Amino acid sequence: MNLPTPGRRVLVSGASRGLGRAVARAFAAAGDRVAVHYGSRAEEARETLASLDGTGHTLVSGDVSDPADAARIADAAAEALGGIDVLVNNAAVNLPHPPATTPYEEWVALWQRHVSVNLLGTAYLSHQAARAMIGAGTGGRIVNIGSRGAFRGEPDHPAYGATKAAVHALGQSLAVSLAPHGIGVASVAPGFFATERVAPRLTGPEGEAIRAQSPFGRVAGPEEIAAAVLWLASPEAEWASGTVLDMNGASYLRT
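What you are looking at is a predicted structure, and each value in this text was computed from that prediction instead of being measured.

Participant: Got a minute to help me understand the overall build of the protein in this structure?
Facilitator: When helices and strands are counted, the protein shows nine helices and seven strands. Whereas a compact globule of 255 residues would reach a radius of gyration of roughly 18 Å, the protein reaches 17 Å, a difference of no more than 12%. With respect to the principal axes defined by its C-alpha atoms, the protein has extents near 50 × 40 × 40 Å. Within the protein, the proportion of its 255 residues that are buried is 49%.

Participant: So what exactly am I meant to see when it comes to the nonpolar core here?
Facilitator: Burial of nonpolar side chains together is a common tendency in soluble globular proteins. With 31 residues, the main nonpolar core has V23, F27, V34, V88 and V229 as its most contacted residues. For this core, the secondary structure elements donating two or more residues are β1 (9–12), α1 (18–29), β2 (33–38), β4 (86–89), β5 (140–145), β6 (183–190) and α9 (222–232). Among the elements that line this core, the one with the most residues is α1, at seven residues. In contact with V34, not counting residues within four places along its chain, are V10, V12, A24, F27, A28, L52, H57, T58 and L81. Ranked by size, the runner-up nonpolar core spans 24 residues in total, among them A91, A130, M133 and A175.

Participant: Explanation requested: the side chain of S251 in the structure shown.
Facilitator: Mapped onto the elements, S251 comes out in the segment after β7 (244–247). Looking at S251, its side chain comes within polar contact range of the side chain of R148, at 2.8 Å. For S251, the contacting residues outside a window of four places in its chain are R148, Q213, S214 and P215.

Participant: So what exactly am I meant to see when it comes to the packing of aromatic side chains here?
Facilitator: Each aromatic ring pair is described using two quantities: the centre-to-centre distance and the angle formed by the ring planes. Applying the stated criterion to the full structure yields one aromatic pair. Their ring planes at 55 degrees and their centres at 5.8 Å tell us that W107 and W111 sit as a pair that is tilted. On the criterion of helical spacing, the pair formed by W107 and W111 is a turn pair, its members being four residues apart in helix α4 (residues 104–136). Note on W107: relative accessible area 23%, which makes it partly exposed. On the basis of relative accessible area, W111 is assigned to the partly exposed category, the value being 26%.

Participant: Mind showing me how you'd approach the packing of helix α3 (residues 67–81) against α4 here?
Facilitator: Two measures define how a pair of helices packs: the angle their axes make with one another and the distance between the axes. It is at 9 Å that the axes of α3 and α4 come closest, and there the two elements cross at 40 degrees. Accordingly, the angle class assigned to the pair α3 and α4 is oblique. Between α3 and α4 lies a crossing of right-handed hand. In this structure, α3 contributes P67, A70, A71, I73, A74 and D75 to the contact, and α4 contributes Y124, L125 and Q128.

Participant: Even after reading the chapter, I still don't get the pattern of salt bridges, so can you show me in this structure?
Facilitator: Side chains that differ in sign of charge can pair as their charged atoms come close. Counted by the stated rule, this structure contains ten salt bridges. R21 is the salt-bridge partner of E196, the closest N and O atoms lying 4.0 Å from each other. One end of the pair, E196, is in the loop between β6 and α7 (199–203); the other, R21, is in helix α1, and 175 residues separate them in sequence. The salt bridge partner of E43 is R46, with a shortest N-O separation of 3.0 Å. With E43 and R46 both in helix α2 (residues 42–51) and three residues apart, this pair spans about one turn of that helix. On the basis of relative accessibility, which here comes to 46%, the residue E43 falls in the partly exposed class. On the basis of relative accessible area, R46 is assigned to the partly exposed category, the value being 42%. Within the structure, one salt-bridge network assembled from shared partners comprises R21, E47 and E196.

Participant: Hey, could you run me through unusual backbone geometry in this one?
Facilitator: Negative phi characterises most residues that are not glycine, and trans characterises most peptide bonds. Phi angles above zero are rare outside glycine, and A250 is one such case at about 60 degrees. Take A250: it is sitting in the segment after β7. Overall, the relative accessible area of 40% leaves A250 in the partly exposed class.

Thresholds applied
- Residues numbered from 1 in each chain as written.
- Predicted model: local features only at pLDDT ≥ 70, side-chain atom pairs only at ≥ 80, totals over all residues.
- Heavy atoms only, no water.
- Helix = DSSP H or I, 4+ residues; strand = E, 2+ residues; numbered from the N terminus.
- Rg over C-alpha atoms; globule rule 2.2 N^0.38 Å.
- Buried < 20%, exposed > 50% of the residue type's maximum accessible area, 1.4 Å probe, protein only.
- Core = buried A, V, L, I, M, F, W, Y, C linked by side-chain atoms within 4.5 Å.
- Contact = heavy atoms within 4.5 Å.
- Polar contact = N/O pair within 3.5 Å; in protein donor to acceptor, adjacent residues only side chain to side chain.
- Phe/Tyr/Trp six-rings, centres within 6.5 Å; stacked < 30°, edge-to-face > 60°.
- Axes fitted to C-alpha atoms, helices over the stretch in contact; angles between N-to-C directions.
- Parallel < 35°, antiparallel > 145°, perpendicular 65-115°, else oblique.
- Left-handed = near helix turned anticlockwise from the far one by under 90°.
- Salt bridge = Lys/Arg side-chain N within 4 Å of Asp/Glu carboxyl O.

Everything listed is a geometric property; what it means functionally is a separate question.
See the structure below:
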């Protein structure tokens, strides 16, 4: 990547809260300028924007699952930042749908929603960001947020696990395709980590069992996952292109 660090132009999808907010903060703290994307949580996105170190950051909104909207998101980020050097595909849905108890109509709708956001939204933004990077001729990085569930299974959230496995595969295909253009593509596969969304589960009856999944006896903080994203987006991580980096505190080991 023929760009210095800091000073990169970074688009983070789904950055209104949780991991996306932590990722946006990590890049801003490193001296980069960030486009904070949100779908519907405008107020929380503004809170993320206000919390970022440095200047030159921006908000972009839209539905990543809509092809036209996804193109507008990428265009708006590139226009506000003067280009895109790094894309972090974080936007996702994760809604329960255990097969034994979910009515068929709801099952179909939830599968379609997971595929359209988690997989197709990632594909749409990746295409647009990659074309911008190729046009600029400076290379870049794409980092996808996958999941441990892609490997160990998600019995109550099967569409989530399946689409995250597809995101890993997409990233590896893009890594091979885009390497000649100086674009590295990698994914992280987090285990359980603490966010506002899962706080009730961690403080509730199942919290102890969730923490016991890792031999460290805890869950990750979003800042730990963000640190891995920041490294995978760095110039030094080019040789990690194509990797799926496990970030699960030894809670699930694969070979």
